[in-house]
Amino acid sequence: MIKNYFKIAWRNMKRHKAYSGINILGLAIGIAACLLILQYVAYELNYENFQVNKDRIYRVQQDRYDKGKLSTQWAAGAYAVGNSFKDAIPEIEDYVKVVQNGRVTTEVNNQPLKVEKVYFATNTFFSVFTYPLIAGNKSNALKEPFKAALSESTAKKIFGTTNVIGKPLELNRNSNYTITAVYKDAPANTQLKPDMLLSYATFVKRTTDSSGNGPETAWEWDGCLTYLLLHKGADPAVVEKKFVSIADKFTHEDMKKYNAAVVYHLQPLRNIHLYSHYMGEPGENGDGKTVYLLLGIAFFIVIIAWVNYINLATARAITRAREVGVRKAVGSQRRQLIVQFLSESALLNCFALVIAIVMVLLAIPGFNRLSGQHLSFSLFGEINFWIGLLSLFLIGVFFSGLYPAFVLSGFKPIDVLKGKMSGTKQSSFLRKSLVVFQFTASLFLLIGTVTVYRQIQYMRKQSLGINIDQTLVIPPPIVGIDSTFLQKMTSFKQELQQQSSIRDIAVSTSISGEPVNWNAGGIKLVGADQSTQNQYRVIGVDYDYIKTYDLKLIAGRPFSKDFGSDKHSVIFNKKGIEQLGFNNPAEALGKKIDFWGEQYTIEGVTENFHQQSLREAYEPLILRLIPDVNGYLSVKTKSAKAGETIELVKAEWKKFFPGNTFEYFFLDDHFDEQYKADQRFGQVFTLFTSLAILVACLGLFGLASFTTLQRTKEIGIRKVLGASVTNILRLLFREFAVLLLIAFVIAVPIAWFTTSNWLQGYAFRIGLQWTFFVLPFVAIIVIALITVSFQSIKAAIANPVKSLRTE
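These numbers were taken from a predicted model, which means no experiment stands behind them. (Residues numbered from 1 in each chain as written. Predicted model: local features only at pLDDT ≥ 70, side-chain atom pairs only at ≥ 80, totals over all residues. Heavy atoms only, no water.)

Enquirer: So what exactly am I meant to see when it comes to the overall build of the chain here?
Expert: What the chain contains, in helices and strands, is 24 helices and 23 strands. A total of 807 residues make up the chain; the buried ones form 51% of that total. Put simply, the chain shows about 36500 Å² of open surface, and 56% of that area lies on carbon and sulfur atoms. (Helix = DSSP H or I, 4+ residues; strand = E, 2+ residues; numbered from the N terminus. Buried < 20%, exposed > 50% of the residue type's maximum accessible area, 1.4 Å probe, protein only. Areas by Shrake-Rupley, 256 points an atom, 1.4 Å probe, with all protein chains shown as cover.)

Enquirer: Looking at this structure, how should I read helix α18 (residues 642-656)?
Expert: The periodicity of an α-helix, 3.6 residues per turn, causes residues three or four positions apart to be oriented the same way. Taking 1.5 Å per residue, 15 residues should reach 21 Å; α18 reaches 21 Å between its end C-alpha atoms and fits that length. All of the buried residues in α18 are T645, I646, V649, E652, W653 and F656. Looking down the long axis of α18, one finds its buried residues gathered within 135 degrees of arc, a one-sided arrangement. Among the exposed residues of α18, those oriented more than 90 degrees off its buried face are K654 and K655. (Expected span 1.5 Å × (residues − 1). Arc of directions from axis to C-beta.)

Enquirer: Explain the packing of helix α15 (residues 485-497) against α18 to me, please; I cannot follow it from the model alone.
Expert: Geometrically, a packed helix pair is captured by the angle between its two axes and the distance between the axes. Running from N to C, α15 and α18 cross one another at 155 degrees; their axes reach a closest spacing of 10 Å. With respect to each other, α15 and α18 are oriented roughly antiparallel. At the point where α15 passes α18, the crossing takes the right-handed sense. Residues K488, S491, F492, E495 and L496 of α15 form the contact with α18, whose own contacting residues are L648, V649, E652, W653, K655 and F656. For the contact of α15 with α18, the class distribution of residues is six nonpolar, one polar and four charged. (Axes fitted to C-alpha atoms, helices over the stretch in contact; angles between N-to-C directions. Parallel < 35°, antiparallel > 145°, perpendicular 65-115°, else oblique. Left-handed = near helix turned anticlockwise from the far one by under 90°. Contact = heavy atoms within 4.5 Å. Nonpolar A, V, L, I, M, F, W, Y, C, P; charged D, E, K, R; others polar.)

Enquirer: Explain the pattern of salt bridges to me, please; I cannot follow it from the model alone.
Expert: Pairing is possible between side chains that carry opposite charge, provided their charged atoms lie close to one another. According to the stated counting rule, one finds 23 salt bridges in the structure shown. K493 is the partner of D544 in a salt bridge, and the nearest nitrogen-oxygen pair spans 3.2 Å. Taken together, the residues D544 in the loop between β16 (534-541) and α16 (545-548) and K493 in helix α15 connect sequence positions 51 residues apart. Between R537 and E619 there is a salt bridge, with its nearest N and O atoms 3.4 Å apart. Taken together, the residues span a long stretch of sequence, with R537 in strand β16 and E619 in the loop between β20 (598-606) and β21 (621-625) at a distance of 82 residues. Sharing partners across several salt bridges, the network here consists of R103, K114, E116 and E663. (Salt bridge = Lys/Arg side-chain N within 4 Å of Asp/Glu carboxyl O.)

Enquirer: Teacher, can you tell me more about the packing of aromatic side chains here?
Expert: A complete count under the given rule lists 38 aromatic pairs for this structure. A ring pair is formed by F129 and Y227, whose centres lie 5.1 Å apart and whose planes are at 80 degrees; its orientation type is edge-to-face. Of this pair, F129 sits in the loop between α4 (125-128) and β6 (133-136) while Y227 sits in strand β11 (residues 222-230); the two residues are 98 residues apart in sequence, bridging distant segments of the chain. Of the two residues, F129 and Y227, neither departs from the other in class, the shared state being buried. Three or more aromatic residues joined by ring pairs make a cluster, and in this case those are F50, F125, F126, F129, Y131, Y183 and Y227. Taking the ring centre of F595 as reference, the NZ or CZ of R624 above it sits at 5.2 Å. (Phe/Tyr/Trp six-rings, centres within 6.5 Å; stacked < 30°, edge-to-face > 60°. Lys NZ or Arg CZ within 6 Å of the ring centre and 35° of its normal.)

Enquirer: Sorry, what's going on with the nonpolar core here?
Expert: Buried together is how nonpolar side chains tend to be arranged in soluble globular proteins. Among the nonpolar cores identified, the biggest contains 114 residues, and Y545, L623 and F688 are the most heavily contacted of them. In terms of residue count, helix α2 (residues 17-45) provides more of this core than any other element does, 16 residues in total. Among all residues touching Y545, those that are not within four sequence positions of it are I466, A506, S508, I539, L551 and L623. (Core = buried A, V, L, I, M, F, W, Y, C linked by side-chain atoms within 4.5 Å.)

Enquirer: I would appreciate a short explanation of the pairing of strand β5 (residues 111-121) in the present structure.
Expert: Side-chain positions along a regular strand alternate between the two faces of the sheet. The sheet contact formed by strand β4 (residues 92-108) and β5 spans nine bridges and is antiparallel. Directly across from E107, in β5, lies its bridge partner P112. Between β4 and β5, which pair antiparallel one after the other, the connecting turn spans two residues, and N109 there sits at a positive phi close to 55 degrees. Alignment of β5 against strand β10 (residues 196-199), held across four bridges, turns out to be parallel. Paired with Y119 across the bridge in β10 is L197. (Pairing = 2+ DSSP bridges.)

Enquirer: What's the story with a nonpolar patch on the surface in this structure? I'm lost.
Expert: A contiguous nonpolar surface patch, about 310 Å² in accessible area, is contributed by V738, I742, I746 and I750. Structurally, I746 can be placed in helix α22 (residues 725-759). (Patch = residues over 30% accessible without salt bridge, like charges linked within 9 Å, V, L, I, M, F, W, Y side chains within 5 Å.)

Enquirer: So what exactly am I meant to see when it comes to the pairing of strand β19 (residues 592-595) here?
Expert: Because side chains alternate across β19, one face comprises the buried residues I593 and F595, and the other comprises K592 and D594, none of which is buried. Pairing analysis gives two bridges linking strand β15 (residues 519-525) to β19, with the strands arranged antiparallel. Across the sheet, the residue bridging to L525 is I593, located in β19. By the bridge criterion, four bridges tie β19 to β20 in an arrangement that is antiparallel. Among the inter-strand pairings, K592 is bridged to a residue of β20, identified as T601. In textbook terms, the turn of a hairpin is the stretch between consecutive antiparallel strands, and for β19 and β20 this stretch comprises two residues, one of which, W596, has a positive phi near 55 degrees.

Enquirer: Please explain the environment of Q438 as it appears in this structure.
Expert: Looking at the secondary structure, you find Q438 in helix α14 (residues 424-461). Note: C-alpha distance between Q438 and I304 (134 residues apart in sequence) is 5.7 Å. Discounting residues that sit within four places of it in the chain, Q438 has contacts with I304, V307, N308, N311 and A696.

Enquirer: How should I be thinking about the side chain of Q51 in this particular structure?
Expert: As for its position among the elements, Q51 is in the loop between α2 and β1 (57-66). Residue classification places Q51 among the buried residues on the basis of a relative accessible area of 1%. Dropping the residues within four chain positions of it, Q51 is found in contact with F129, T130, Y131, T190 and L269.

Enquirer: Help me out: how do you make sense of the environment of E152 in this one?
Expert: Assignment of secondary structure puts E152 in helix α5 (residues 152-159). Distance in space between the C-alpha atoms of E152 and T162 is 6.4 Å, their sequence separation being 10 residues. When sequence neighbours within four positions are dropped, the list of residues in contact with E152 reads I134, T162, V182, Y183, K184 and D185.

Enquirer: Please explain unusual backbone geometry as it appears in this structure.
Expert: Backbone phi values are negative for most residues with the exception of glycine, while trans is the configuration of most peptide bonds. Despite not being glycine, R173 has its phi angle at roughly 60 degrees, a positive value. Structurally, the position occupied by R173 is in the loop between β8 (168-171) and β9 (175-183). With a phi angle near 45 degrees, Q470 is a residue other than glycine that sits in the positive phi range. Along the chain, the position of Q470 falls in the loop between α14 and β13 (471-474).

Enquirer: Help me out: how do you make sense of the side chain of S569 in this one?
Expert: By secondary structure assignment, the location of S569 is in strand β18 (residues 569-573). Given a relative accessible area of 0%, S569 falls into the buried group. The residues touching S569, leaving out its near neighbours within four places in the chain, are F559, Y600, T601, E603, L623, R624 and L625.

Enquirer: Teacher, can you tell me more about the environment of L551 here?
Expert: Relative to the helices and strands, L551 resides in the loop between α16 and β17 (553-556). Considering only alpha carbons, one finds L551 and E607, 56 residues apart in sequence, at a separation of 7.4 Å. In this structure, L551 is in contact with G465, I466, Y545, I546, F609 and L623, ignoring residues within four places of it in sequence.

The following block contains the structure:
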């Protein structure tokens, strides 16, 4: 019986090739798009999934409040948190401290080799986290000072093998470590991907003074990532409540002087990637809103494809009514007919599934380039992929096939064979409702695409208030930093400034495109009340910083070697002066501030400028003069021949800073990196919006074809009575135009609400304009008109004699 059902289904498919082709193509595109997005979403949601203790690990996140207002949020907070909380809270089983060290340099064959992601970590790192050891003992690998653990790839890069236990390792020509462990490289979907781990005991030894004051007792130092492993069954909410009394005990008096407070929270390890964007993050994180929005798009597309099937199947009901009537007349039961029509749905979905798999195989490389993800063909070996595929198939078969099956099998044989049809009004209403749904979804996606594109363009075209064009940036040297550094840096700059292709050179602790990690609290005017203290971001700069970056001074003067007192001078940005209490920047000139126990004079005020992307608001900023600052070297070039300038700088760099790797990047490219996630989201959004519209139009094309076919005789009569081709087209398109107008009315408020909420995530954003809604509607109208007109024109220009012969 089952074989017979599928044989009949196959014959029906062959008899109605256009109908079957439209359905299969629409379903294949919908399933393929859904599968790609589901893999993307699964990748994002499975961050840290490899960690054995993933459900028990929490990171301590720190919030700073000034005068009751949230001022700073850290991922990497106070150093003393881990050991203090562990000692006082029995629900905590263990803790890990991780401190970002930045780059280090070692030598291989007398050539400098850079290792990028280096962290200090406590000895508990390998017992709390799941980074399997290839060699070494996890119980003591990082227990003692000057011990190091290498990732598998780093060990091979430096030594050519992983058999390196006990070998010495010199870093930055000033530190010697012994290698105690080698661990497997971290998977791509984890936040911590250390190339090298140095024992936290080394950091403690280096930073603890003779009085015993160091990181283990430091509640004022920021920069330590603290992870807690809770006992099984422990309630994180209960643990978090206990933080308050412990933090008050150690920090209450100091914070009270500053009229400030610090609050600690627990972040589940698995939530960090999508929901954490704080200071001191060890890596770039994703966006939970984006992930779930794309998940919604995935279901939109596949539902639109299923709706196509329902629409076309119910539209064909009149052509299959006689078939149903005859089958029932010869004894077929309704249950058998339902199975027959579900068999047709299964066969169509099966063909679509096979084509969808081929599409996914072909699309993975391009999708990875577009989205920046790491999907691979190995996903076909994952059980979850096939479970998802089977689920889509089964849901598709029943969702798309069940209603048409009940409608078609419900025809009464006597009425059908007499030419009387029942239930056509209900079917017509359903088809119209589904068309409205399809184009509501398409309009919503298209409006979203326009909004995303305009916001990204707005951010990229806005003036930054700082000139980052033609700026070559070299990361700071890490080898040879001693008492001669200032002399070497001065000579290096002088040599470069003699080159005709170089305009200016500056050194600073931070550059545009990155957060300012120097966070200074307790700053106030000399003589002012303690309650006026506030936090500021601080950039250490040399004398040439203002000139090199063309910063606009709205009051005062830049730093100058002509003023010996400038070593104790600062320049604020406008936002910083306002926080200090001045509405007129000129009034702040000459005033002195308390800065960590020393007094500095305000010599100038700059206009606000964008240190980071326009997603971030202006921050109160201080430029502090440090003549011998070791930081990023910014070389402003005049020549369009970038290659020649780079070679000149490289030659001088090797001469003055031997043992350091020469790396560089252009600042405008570096700044634009901040927008890559937004751009990728925009590209992915546009791609799947286009697919959704394509699938909807396929359905509209099929529906228009059947509608035109059913009205063939009517069209012939109208032409005989004098109707023009334009009149016929207007008649056929009017019904669809009304449906599109209804879709527009429904889509606009939904899209307005959604895009408004999305834009709230940007400090500098566009305003929603009427064109964002009308232009997508016009585009959909035009696309629908072209889609419908293809069949309508054929019917309108056909010979009416042939039309009137049609039954």
